[in-house]
Amino acid sequence: GLGAWRNAQQQFAAYLLNGVDQPDFPEARMQSGLQSLRAALDATPKQEEPGAWAEMANWYGYALGLRGKRENRIESFNEALPFLREAVATFATREDELSAAHTRDSLCVALTGLGRMEKRGDLLAEAIDNCSQSVAYMQTNKIEDVLPIARTNLADAQKALAELNQ
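What you are looking at is a predicted structure, and each value in this text was computed from that prediction instead of being measured. (Residues numbered from 1 in each chain as written. Predicted model: local features only at pLDDT ≥ 70, side-chain atom pairs only at ≥ 80, totals over all residues. Heavy atoms only, no water.)

1. Points about the environment of Phe77
Reasoning step 1: Mapped onto the fold, Phe77 is located in helix H4 (residues 74–93).
Reasoning step 2: For Phe77, a relative accessible area of 1% translates into the label buried.
Reasoning step 3: For the pair Phe77 and Ala8, spaced 69 residues apart in sequence, the C-alpha separation works out to 25 Å.
Reasoning step 4: Excluding its chain neighbours within four sequence positions, the residues that come into contact with Phe77 are Gly65, Gly68, Lys69, Val109, Ala110, Gly113, Leu114 and Met117. (Helix = DSSP H or I, 4+ residues; strand = E, 2+ residues; numbered from the N terminus. Buried < 20%, exposed > 50% of the residue type's maximum accessible area, 1.4 Å probe, protein only. Contact = heavy atoms within 4.5 Å.)

Below, the structure is given as structure tokens:
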């Protein structure tokens, strides 16, 4: 069914985007990963499956944030923000704090990138708020696998705001 297909698309995208932080990462793989995630997101009915939709929105927004960060693409950050904000709101409404924490971290990356590029302190403050909530939840609940990444993202957002305020 749809759930199995969505999971396969997600796994395929994760495979394609593995190594995205390497300088020689091929643009074609980035594009294919984004297309796979967008197809899964578009096929997921938001009203009937809000949790599944929010999960796919987080994956897609996170990948867009990676692309924005990697290629200095303002449009990638701008495209990511509405998906990530809505996913955070959906998870909060459903009281899915773990998924909200992961999505807040994705949102932090996109906000930091856009805030840095547009020199906007309001976006950087929002990034710090989201990163701080993500890190706090991960620390409290001992989510050790991604906590170092969330801490790095928080430090990056704080650094960007400090640089802007100099």
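So that's the structure; there's more coming.
2. Quick word on the packing of helix H1 (residues 2–17) against helix H2 (residues 27–42)
Working note: a packed helix pair is described by the angle between its axes plus the distance between those axes.
Reasoning step 1: Two elements in contact, H1 and H2, have axes whose closest approach is 8 Å; the angle formed by their N-to-C orientations is 165°. It follows that H1 is roughly antiparallel to H2 by the angle criterion. At the point where H1 passes H2, the crossing takes the left-handed sense. Touching Trp5, Arg6, Gln9, Gln10, Phe12, Ala13, Tyr15, Leu16 and Leu17 of H1 are Arg29, Met30, Ser32, Gly33, Ser36, Leu37, Ala39 and Ala40, all from H2.
Reasoning step 2: Tallied by class, residues from the contact of H1 with H2 come to ten nonpolar, five polar and two charged. (Axes fitted to C-alpha atoms, helices over the stretch in contact; angles between N-to-C directions. Parallel < 35°, antiparallel > 145°, perpendicular 65-115°, else oblique. Left-handed = near helix turned anticlockwise from the far one by under 90°. Nonpolar A, V, L, I, M, F, W, Y, C, P; charged D, E, K, R; others polar.)

3. A look at the packing of aromatic side chains
Each aromatic ring pair is characterised by the separation of its centres together with the angle its planes make.
Reasoning step 1: Inspection of every chain in the model, using the stated rule, returns two aromatic pairs.
Reasoning step 2: A centroid spacing of 6.4 Å and a plane angle of 40° characterise the contact between Trp53 and Phe83, whose relative ring orientation is tilted. Of this pair, Trp53 sits in helix H3 (residues 50–71) while Phe83 sits in helix H4; the two residues are 30 residues apart in sequence, bridging distant segments of the chain.
Reasoning step 3: The buried category is assigned to Trp53, whose relative accessible area is 6%.
Reasoning step 4: On the basis of relative accessible area, Phe83 is assigned to the buried category, the value being 16%.
Reasoning step 5: On the numbers, 5.5 Å between centres and 85° between planes, the contact of Tyr60 with Phe83 is edge-to-face. Within this pair, whereas Tyr60 is found in helix H3, its partner Phe83 is found in helix H4, the two being separated by 23 residues in sequence. (Phe/Tyr/Trp six-rings, centres within 6.5 Å; stacked < 30°, edge-to-face > 60°.)

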